Amino acid sequence: MPRKMNIYEEAGRCLLCDDAPCTKACQTGDPARAIRAVRFDNHKPALRWVKDCSDEDLERAEQACILYNGPIHIRQFIRSISADDVDDSNYPDLSITFCGIQCENPFFLASSAVCTNYEMVAHAFDLGWAGVFYKTICMEDIHEVSPRFDAIHHAAKFGDFYGFRNMEQLSENSVETDFDILHRLKTNYPTKVVVASIMGKTESEWMALAKMAQDAGCDAVELNFSCPQMKSKGMGSDVGQSPELVKTYTACVKRAVEIPVIAKMTPNITHITEPAEASLQGGANALSAINTIKSVTMRREAEVSSRRTISGYSGRAVRPIALRYVLEIAQMPQRPQLSGIGGIETWRDALEFIQLGCSNVQVCTAVMQYGYRIIDDLVLGLQRYMVKCGVTELQQLVGQELASFESPSLLDRDTIVYPKFNHDSCIGCGRCKISCSDGGHQAIVFDSETRRPRLVGTKCVGCHLCRLVCPTGSIGTTKRTRKKLS
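Residues numbered from 1 in each chain as written. Predicted model: local features only at pLDDT ≥ 70, side-chain atom pairs only at ≥ 80, totals over all residues. Heavy atoms only, no water.

Trainee: Would you explain helix H10 (residues 243-256) in this entry?
Mentor: Note: α-helices contain 3.6 residues per turn, so residues at a spacing of three or four share the same orientation. The terminal C-alpha atoms of H10, which comprises 14 residues, lie 20 Å apart, in line with the 20 Å expected from a rise of 1.5 Å per residue. The complete set of buried residues in H10 reads Val-246, Tyr-249, Thr-250, Cys-252, Val-253 and Ala-256. All buried residues of H10 fall inside an arc of 165° around its axis, so they share one side. Turned more than 90 degrees away from the buried face of H10, the exposed residues are Glu-244 and Arg-255. (Helix = DSSP H or I, 4+ residues; strand = E, 2+ residues; numbered from the N terminus. Expected span 1.5 Å × (residues − 1). Buried < 20%, exposed > 50% of the residue type's maximum accessible area, 1.4 Å probe, protein only. Arc of directions from axis to C-beta.)

Trainee: Please explain the pattern of salt bridges as it appears in this structure.
Mentor: Should the charged atoms of two oppositely charged side chains come close, the side chains can pair. Inspection of every chain in the model, using the stated rule, returns 24 salt bridges. Arg-33 serves as the salt-bridge partner of Asp-377, at 3.0 Å between the closest nitrogen and oxygen. In this pair, Asp-377 sits in helix H15 (residues 375-389) while Arg-33 sits in helix H3 (residues 31-39), placing the two residues 344 residues apart along the sequence. Look at Asp-377 and you get buried, because its relative accessible area is 2%. Given the relative accessible area of 7%, Arg-33 is considered buried. (Salt bridge = Lys/Arg side-chain N within 4 Å of Asp/Glu carboxyl O.)

Trainee: I tried to follow the sheet that holds strand S13 (residues 337-341) on my own but got confused; where do I start?
Mentor: Across a sheet, strands are paired by hydrogen bonds formed along the backbone, either parallel or antiparallel in direction. Around the barrel, which closes on itself, the eight strands sit in the order S3-S4-S7-S8-S9-S10-S13-S14 with parallel pairing between neighbours. Adjacent strand axes in the sheet meet at a mean angle of 25° when their direction is disregarded. In terms of strand pairing, strand S3 (residues 107-109) meets strand S4 (residues 131-138) through two bridges, oriented parallel. Across the sheet, residue Leu-109 finds its bridge partner in S4, namely Val-132. Strands S3, S4 and strand S7 (193-199) of the sheet are contacted by helix H6 (residues 118-127), whose axis makes an angle of about 165° with S4. On top of the sheet, H10 reaches strand S8 (220-224) and strand S9 (261-264); it is set at about 160° to S8, its chief contact. (Pairing = 2+ DSSP bridges. Axes fitted to C-alpha atoms, helices over the stretch in contact; angles between N-to-C directions. Contact = heavy atoms within 4.5 Å.)

Laid out in structure tokens, this is it:
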């Protein structure tokens, strides 16, 4: 009996081509869009893009695939997708209010290389992004290095990186050019949210830049207290690590403008709540967190004239760290409005930030990898989730999971959840046994003849290492039970 295809694994092989040859060959549907939906965690709605395709259509699409190590098995892939169980006739809208500003959805471009000129942002707006935190504007003379990006990925999967490092600083445009761009964006896209990210070196610079943002028609201003690779002292994360400076600069900007002021927090600090509290004391209307994490780029390909430096680390690898900082800020007595940043790639990633208290999320690295088009699956996935949960307004999800977090000392330590093996899907690789023996509690016995694992319950502590290393997802869980007294 042939094994069922793992559609997520197969979708992960796809190159996500521009002007995809498979779709051009298919003629009656869009298999590339269906594969992309699965790749970004929307596998059940994927069938809508191929519902009219015949087997011959899909065969042509498969033959047109340009993947270098064998084509995507499109016919088998499509046959392995389950029918959608959510009624798509009445999806809720994703509108939400942030700092008193109406947003059509919670998805914004983060201040970065993905929003450096008018054409880029306009294209993102046309595709459905709700707003932009435009690349940080300053009065410094910015000249970027080359190369300035580096990525961490599995050696066999070039182009699909889980960690991203950058040595980029701020906008290279003149101040006048950038504020003209922001003015044109707000004029031509009045329903989109345009936020100017700024960075000054003195109170007068912070105030002047904020006033220019307000005069340009920006909806809000974000204070960049967090860029980790500024060449000048007293800027970026140097400021973000000083609660006194954060409070001072926030307060002076609040005196200068009437539009909302958002303080952007650095993760390069032990206690993020200290500058967060300082910014609120200075009058900040909201906080955004986090900026990139200081890291080191060691690869020779990323050297700048044989030299290396500190870089900012981002991508999906940093998401748990970003969520930790967001949680800490959300748990402050004066719970602020939050904009979440850090490794957001799918709608489910965004949902985690929302459930911890964020009214919107900012995306950068995923756009750099896959393009603005990911907005389709971000919106689709969140809408479907709301339908399945019976939620009609996005605001209902904001902070939904905060109450479930507890101090480690108060967690239940008297019960256990045992792993459960599914022998029908187990392929007998023995990975679970290896990990349990060498990194766990020697609670799995592997029968070399039947190639099946067996749990030794008296040794198992319910750590679930075995479940996490299983390459086929063949290890599930039992019900939680009381621990047996030894």
